[in-house]
Each structure stands twice: as structure tokens, then as C-alpha cells.
Amino acid sequence: MTPSEIAELMQEIVDLDEVGVDAGFFEVGGNSFLALTLLARIHERTGIMLSLLDVVRAPTAVEVSGLLARQAAEVGAAGGE
């Protein structure tokens, strides 16, 4: 998922008009329960399951997108072995 797509999800979940790709999820009104919703929606769209700790450590859409890309690459590399 792109940072813009993740920012759109964040925007929907925290019920704001706009969330930038560099805005921290918790800084824009997210909490741990809403983060679980975010993680579930990301999993539905990508098949990749991130942890709550991942979002705490990497709370922006740009950072979450990077985590997803790394996990997808790891899964792809493991599948090619």
C-alpha cells in the first residue's frame, strides 16, 4: 500500500477531513483500539499482518508503508527459496 492509501485509511478511522502521510497516527487522534482497526484493514487489503507495536514504533503512513514493503519483500524472498 502506498503512503497515500494508508493516510486515507487513517483519515477514515480517526474521522478527520485530512491526514498527511507524515502525520503520526496517535498525534492525529488515534488510540490503541483504533490502531487495531487500522491493522485489520491493512491486513484485509494486503494479507500482511503488522503488530500494534509496529504502529507505535512507526506511526506515520510513510513508515507503515515501508514496513509493509519490507514484509512483502521478506515473504517474497522466503517463497523463492
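Residues numbered from 1 in each chain as written. Predicted model: local features only at pLDDT ≥ 70, side-chain atom pairs only at ≥ 80, totals over all residues. Heavy atoms only, no water.

Asker: Looking at this model, I keep getting lost on the overall build of the protein. Mind explaining?
Answerer: The helix and strand inventory of the protein stands at four helices and zero strands. Counting only C-alpha atoms, the protein reaches 45 × 20 × 20 Å along its principal axes. Counting only residues that meet the buried cut, the protein has 32% of its 81 residues in that class. Taking contacts inside the protein between residues at least 6 apart in sequence as the whole, the part at least 24 apart equals 46%. Taken as a whole, the protein presents about 4800 Å² of accessible surface, with 52% of it coming from carbon and sulfur. (Helix = DSSP H or I, 4+ residues; strand = E, 2+ residues; numbered from the N terminus. Buried < 20%, exposed > 50% of the residue type's maximum accessible area, 1.4 Å probe, protein only. Contact = heavy atoms within 4.5 Å. Areas by Shrake-Rupley, 256 points an atom, 1.4 Å probe, with all protein chains shown as cover.)

Asker: Would you mind going over the nonpolar core with me for this structure?
Answerer: Inside soluble globular proteins, nonpolar side chains tend to come together where they are buried. Counting residues in hydrophobic clusters, the biggest one holds 21 residues, and the most contacted among them are Met10, Phe25, Leu38, Leu50 and Leu68. Going through the elements one at a time, α1 (3-14), α2 (32-46) and α4 (61-79) are the ones with two or more residues in this core. With near-sequence residues (within four places) excluded, methionine 10 lies in contact with Val19, Phe25, Leu38, Pro59, Thr60 and Ala61. (Core = buried A, V, L, I, M, F, W, Y, C linked by side-chain atoms within 4.5 Å.)

Asker: Even after reading the chapter, I still don't get the pattern of salt bridges, so can you show me in this structure?
Answerer: Side chains that carry opposite charge are capable of pairing whenever their charged atoms lie near each other. Going through the model one piece at a time under the given rule, you end up with one salt bridge. With its nearest N and O atoms 3.4 Å apart, the salt bridge here joins glutamate 12 to arginine 41. Remark: arginine 41 occurs in helix α2 and glutamate 12 occurs in helix α1; sequence separation between them is 29 residues. Given a relative accessible area of 29%, arginine 41 falls into the partly exposed group. (Salt bridge = Lys/Arg side-chain N within 4 Å of Asp/Glu carboxyl O.)

Asker: What should I look at first to understand the packing of aromatic side chains in this one?
Answerer: How two aromatic rings sit relative to each other is set out by the distance from centre to centre and by the angle between their planes. Counting across every chain of the model gives one aromatic pair. Consider the rings of phenylalanine 25 and phenylalanine 26, whose centres lie 5.4 Å apart with planes at 80 degrees: the pair is edge-to-face. Taking the relative accessible area as the measure of exposure, phenylalanine 26 reaches 32% and is therefore partly exposed. (Phe/Tyr/Trp six-rings, centres within 6.5 Å; stacked < 30°, edge-to-face > 60°.)

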